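Read off the chains here:
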Amino acid sequence: MTLDHFAQNAKSSWWNEAGPDADIVRSSRIRLARNFRDFRFPTIYNKEEANKVMELVKEKLGKQNTDAVGNLDIFELEKLESLERQVLVEKHLISPNLAEDSLYGACLLSENEDISIMVNEEEHIRIQCMVSGLQLTEALDLANKYDDWVEQQIDYAYDEERGYLTSCPTNVGTGLRASVMMHLPGLVLTRQINQIIPAINQLGLVVRGIYGEGSSAVGNIFQISNQITLGKSERDIVEDLTSVVQQIIAQERSAREALVKTSHIQLEDRVYRSLGVLLNARIIESKEAATCISDVSLGIDLGYIKNIEKSVMNELMILTQPGFLQKYAGGPLQPYERDVRRASLIRERLDLAQIENS
Amino acid sequence: MVCQECNQRPATLHFTKIINGEKKEIHICDKCANEKGDLFMQNGSNGFSINNLLAGLLNIEPFLQQAKASTLTHVDELKCKNCHLTFKEFVHVGKFGCATCYETFKDSLDPILKRVHGGNTAHVGKIPERLGESIHLRKQIKDLKSELRALIDQEEFEQAALMRDQIRSLEKEDIAAKERGNQP
Ligand SMILES: [Zn+2]
Ligand SMILES: [Zn+2]
């Protein structure tokens, strides 16, 4: 895999599109947990049953039956190398659970990777839909389309009173987990995030940061998702989350405005220092890379940096993770080798980006 | 800082998970992160899954104990006839074994579901198209019946007769749908 090839590949991917408010909301994701009526749940089923579930999926959701929804490719995890599995995890196409622990785990992927159906994870299947920017309703509509399609072929475990029956009590009802990934450097720099997170939690939503210390998640990326799946309709869940996210977007924008007004030169200094690191470092740890990528992303949003596309930064967030680096290097790397490789990959990609725009 | 999983290698990944305002710091090494699979911010495997964390923080276990205490029968001995999971095992694992478990443990579920889902116990969302055909029909029949009563009250007997016929044909459809549903 060459970097050129990857960059080319990325252009057909959903995350290369810029959805609404994509400067702050990187992605919207919907996951629907579903189980098949005639099988025990993955919690306790045996290898044989897991295999039956997989065979059923292959038979009913295979290429011969995808006319209604468009082509899906099936990947059986046992047939993939561990690095390939890790790359799927890093692209958020499958969960770490599915990659490491599943019996006869598989995933069905659409061409631009906006749809992923995980098989034999915590539930029999999980239909995932990812779109760029804040578009939860659109993602829900798309996920529903695939859900309806599956339901035409296979009997779901469903109960009139409890809804979609799941192995985990936290998923029952709608089986719906809606989440958005937000880039919030303004709220972190102004420390407003410390008040906002508890407030969001009070609304029954869950906030998580990528490996970071406390509220200052590394890369300033936060994921916000619903906790309750029962007693609320899918529309209400999605609308409630959307309205909270819109308020956070508004606060992030005003925090950025305030920063530009009060500390313009400090902000510009920070952005260009980070760009300097990315352009010149020979060794860079993932944490430092994430921080610099966040700063440069902010610099692009604020118009300080004009010759690099924002999508390149989003791409680097994914490319600089351990699985990708090792895939790109063609084999396993020690942490130190990774840091060297990461630095050179970032330099190459930024060179490429600047050539594209010159 | 040393990895909190193996207590051997230096911790290279540092996470903070914040749930319901509670912070949980996680410091682990590359190797354990790989093994645990919690590389990014996905729901991790085993100890790190968001659901497990939720279960822990929501303190489901004492609740299940309470649920048990509040029912008169020996729920511990309840055993799902389909998957053979006992209530005791369900409490321990925090997960159901199959769809029938919901029926088996029905009497003890409400307090648990209320706790996890902000006081809710009943689904109000999507009804699957095919399996839900008869659910849709029954809802339609219910609505028509209340309209029928209103028409009778207003002495609109002609219209009421038409509606009665409509209800009857829907009821027939419902029976047919149920038969189809039993033979997928
Ligand atoms: Zn370790
Ligand atoms: Zn059962």
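Residue numbering note: each chain is counted from 1, following its sequence as written. Whichever chain is written first is A, and whichever ligand is written first is 1; the rest continue in order. Whole-chain, interface and lining totals are the exception, using all residues; otherwise, since this is a predicted model, local features are given only for residues with pLDDT of at least 70 and side-chain atom pairs are given and counted only at 80 or more. Think of the side-chain values as coming from all heavy atoms in the structure, minus any hydrogens and water.

**Here's the deal with the UniProt feature "coiled-coil region" (unreviewed entry) in chain B**
UniProt positions are given in the numbering used here, feature names are shortened, and annotations may be inferred rather than shown by experiment. Residues given the UniProt feature "coiled-coil region" (unreviewed entry) here are residues 134-161 of chain B. Elements are defined by DSSP. Helices are runs of H or I of four residues or more, strands are runs of E of two residues or more, and each kind is numbered from the N terminus. A distance of 23 Å separates the end C-alpha atoms of residues 134-161 of chain B, which is 89% helix and 0% strand.

**So, the environment of Val207 of chain A**
Residue and element names in this part refer to chain A. You can see Val207 is positioned in strand E9 (residues 205-209). To sort residues, take the accessible area from a 1.4 Å probe on protein chains only and compare it with the maximum for the residue type: under 20% means buried, over 50% means exposed, and anything in between is partly exposed. By relative accessible area, which is 2% here, Val207 ends up buried. As a C-alpha pair, Val207 and Glu100 span 107 residues in sequence and 25 Å in three-dimensional space.

**Quick look at the coordination of the zinc ion (ligand 2)**
Residues and elements named next belong to chain B. Around the zinc ion (ligand 2), the protein supplies Cys80 (SG), Cys83 (SG), Cys98 (SG) and Cys101 (SG) as donor atoms, at distances of 2.3 Å. For the zinc ion (ligand 2), the four donor atoms are set out with angles of 98 to 124 degrees between them, so the coordination reads as tetrahedral. Donor residues binding the zinc ion (ligand 2) come from one chain and are separated in sequence as C-x2-C-x14-C-x2-C. Here a donor is an N, O or S atom found within 2.8 Å of the metal, or within 3.2 Å if the metal is Na, K or Ca; sites may look incomplete because water is not among the atoms. Geometry is assigned from the angles between donors: four donors with all angles from 85 to 135 degrees make a tetrahedral site, four or six donors whose opposite pairs exceed 155 degrees while the rest stay between 65 and 115 make square planar or octahedral sites respectively, and everything else is labelled irregular.

**Looking at the pattern of salt bridges**
All names here are of chain A. Only one rule defines a salt bridge in this text: a Lys or Arg side-chain nitrogen within 4 Å of an Asp or Glu carboxyl oxygen. One pass over the structure, following the stated rule, counts 32 salt bridges over all chains. Its salt-bridge partner being Glu76, residue Lys58 comes within 3.0 Å of it at the nearest N-O pair. You can see Lys58 sitting in helix H2 (residues 47-61) and its partner Glu76 sitting in strand E2 (residues 72-76), a full 18 residues away along the chain. Lys58 sits in the partly exposed class, given a relative accessible area of 28%. Note that Asp301 is salt-bridged to Arg256, the shortest N-O span being 3.0 Å. Here Asp301 is found in helix H9 (residues 286-301), whereas its partner Arg256 is found in helix H8 (residues 234-280), with 45 residues between them in sequence. Taking the relative accessible area as the measure of exposure, Asp301 reaches 24% and is therefore partly exposed.

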